Amino acid sequence: GAVVSQHPSRVICKSGTSVKIECRSLDFQATTMFWYRQFPKQSLMLMATSNEGSKATYEQGVEKDKFLINHASLTLSTLTVTSAHPEDSSFYICSASSAGGNSNQPQHFGDGTRLSIL
Amino acid sequence: AQSVTQLGSHVSVSEGALVLLRCNYSSSVPPYLFWYVQYPNQGLQLLLKYTTGATLVKGINGFEAEFKKSETSFHLTKPSAHMSDAAEYFCAVTPANSGYALNFGKGTSLLVTP
């Protein structure tokens, strides 16, 4: 089956640090990747949608200068949390789809990244 | 706009008992519906999906769900719960053939007691 690898699985760093999270599709070409944020005991909230070679589309309320998304290839998207602060601590999950506009193909999720800012 | 409502943030069943997790959706266009399971500190695993065709869909680990358009529901069931089924379950919806991101429900935490 389709595999999405997300790295790192856990990050603990000081306030003010920038953190990069990678999301890779290992055995398929991901035309679209999605980045979600999940607070404890809550659901997944979509942050942004990225299509390979295009600028990401951010959801309302998500700061694009804070959460930089790059989708330079069909197998890799990165989320960079710039100058992270304690309120950015959360569980970040990526998903990848080869659907190219057909949502019949399910999104394949990474295992998430637990970000803790001290 | 599409949204889902999961009734009951926590459900507790005995091992061997029927599992029923409720999901109702709202969609102005034909929806695709999904159920995902999440174990602690992990990503989401697809249990099953409804897109078109048969309204009763079978998934992994013995789960199934039935799409009922008249009731705008997509409830998840399993005849006999196992201890290993304890996890967080999310219902999600997206417009058919849209390529859009999924809209998730708030999740239901399933507890299985011996």
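In short, a report on the structure. (Residues numbered from 1 in each chain as written. Chains lettered and ligands numbered in written order. Predicted model: local features only at pLDDT ≥ 70, side-chain atom pairs only at ≥ 80, totals over all residues. Heavy atoms only, no water.)

**Overview of the overall build of chain B**
Assigned secondary structure in chain B consists of zero helices and eleven strands. Against the globule reference of 13 Å for 114 residues, chain B gives a C-alpha radius of gyration of 13 Å, in line with a compact fold. For chain B, the spread of C-alpha atoms along the three principal axes comes to 40 × 30 × 20 Å. Counted over contacts in chain B with a minimum sequence separation of 6, partners at least 24 positions apart contribute 57%. With an accessible surface of roughly 5,400 Å², chain B has 53% of that area assigned to carbon and sulfur atoms. (Helix = DSSP H or I, 4+ residues; strand = E, 2+ residues; numbered from the N terminus. Rg over C-alpha atoms; globule rule 2.2 N^0.38 Å. Contact = heavy atoms within 4.5 Å. Areas by Shrake-Rupley, 256 points an atom, 1.4 Å probe, with all protein chains shown as cover.)

**Quick word on unusual backbone geometry**
The omega torsion of the bond from H7 of chain A to P8 of chain A falls at 0 degrees, within 30 degrees of zero and hence cis. Mapped onto the elements of the fold, P8 of chain A is located in the loop between β1 (4-7) and β2 (10-13). Its identity as a non-glycine residue notwithstanding, S83 of chain A has a phi of 45 degrees, on the positive side. Following the sequence through the fold, S83 of chain A ends up in the loop between β8 (76-81) and β9 (90-97). Of note in this structure, N61 of chain B is not a glycine but carries a positive phi near 60 degrees. Tracing the sequence through the fold places N61 of chain B in the loop between β6 (56-58) and β7 (64-68).

**Observations concerning the state of the cysteines**
All names here are of chain A. If you walk through the whole model with that rule in mind, you get two disulfides over all chains. The disulfide that involves C23 links it to C94, with 2.0 Å between the sulfurs. One disulfide, between C23 and C94, carries an S-S torsion of 80 degrees and so falls in the right-handed class. Taken as a pair, C23 in strand β3 (residues 19-25) and C94 in strand β9 lie far apart in primary sequence, 71 residues in all. In this structure C13 is not part of a disulfide, and its nearest cysteine sulfur, from C94, lies 18 Å away. (Disulfide = S-S within 2.5 Å.)

**A closer look at the sheet that holds strand β3 (residues 19-26) of chain B**
All names here are of chain B. The antiparallel open sheet is built from five strands, whose spatial order is β1-β3-β8-β7-β6. Strand pairing shows two members of the sheet lacking a second neighbour, β1 (3-7) and β6, which therefore form its edges. Across this sheet, the average inter-strand angle for adjacent strands is 20 degrees, counted without regard to direction. The pairing of β6 with β7 spans three bridges and is antiparallel. By the bridge assignment for β7, L56 is matched with E66. (Pairing = 2+ DSSP bridges. Axes fitted to C-alpha atoms, helices over the stretch in contact; angles between N-to-C directions.)

**Some remarks on the interface of chain A and chain B**
Between chain A and chain B, the residue contacts involve 20 residues of the former and 24 residues of the latter. Buried area between chain A and chain B, both sides added, is near 1,600 Å², and the carbon and sulfur share of it is 53%. At the boundary of chain A with chain B, the tally comes to zero salt bridges. When residues of the side of chain A that touches chain B are traced back to their parent elements, those giving at least two are β4 (32-38), β5 (44-51) and β9 of chain A. (Buried area = accessible area lost by both parts, 1.4 Å probe. Salt bridge = Lys/Arg side-chain N within 4 Å of Asp/Glu carboxyl O.)

**Observations regarding the environment of L33 of chain B**
Residues and elements named next belong to chain B. Looking at the secondary structure, you find L33 in strand β4 (residues 31-38). L33 gets classed as buried once you look at its relative accessible area, which sits at 0%. Sequence-distant contacts of L33, that is, excluding residues within four places in its chain, are made with Y25, L48, K49, Y50, F67, F74, A92 and V93. (Buried < 20%, exposed > 50% of the residue type's maximum accessible area, 1.4 Å probe, protein only.)

**Section: the nonpolar core**
Burial of nonpolar side chains together is a common tendency in soluble globular proteins. By size, the foremost hydrophobic cluster in this structure holds 26 residues, and its most contacted members are W35, L48, F74, L76 and Y89 of chain B. Among residues more than four places away in sequence, those in contact with Y89 of chain B are Q6, L21, W35, Y36, V37, L47, F63, L76, G107, T108 and L110 of chain B. Core analysis: the next-biggest nonpolar cluster, separate from the first, contains 23 residues, V4, V11, I21 and C94 of chain A among them. (Core = buried A, V, L, I, M, F, W, Y, C linked by side-chain atoms within 4.5 Å.)

**Description of the environment of Q38 of chain A**
For Q38 of chain A, the position within the fold is in strand β4. In the structure, Q38 of chain A is positioned 54 residues away from Y92 of chain A in sequence and 6.2 Å away in space, judged by C-alpha atoms. Once residues within four sequence positions are removed from consideration, Q38 of chain A is found in contact with S43, L44, S90, F91 and I93 of chain A together with Q38 and F90 of chain B. Engagement of the side chain of Q38 of chain A in a polar contact is seen with the backbone oxygen of Q42 of chain A, the distance being 2.9 Å. (Polar contact = N/O pair within 3.5 Å; in protein donor to acceptor, adjacent residues only side chain to side chain.)

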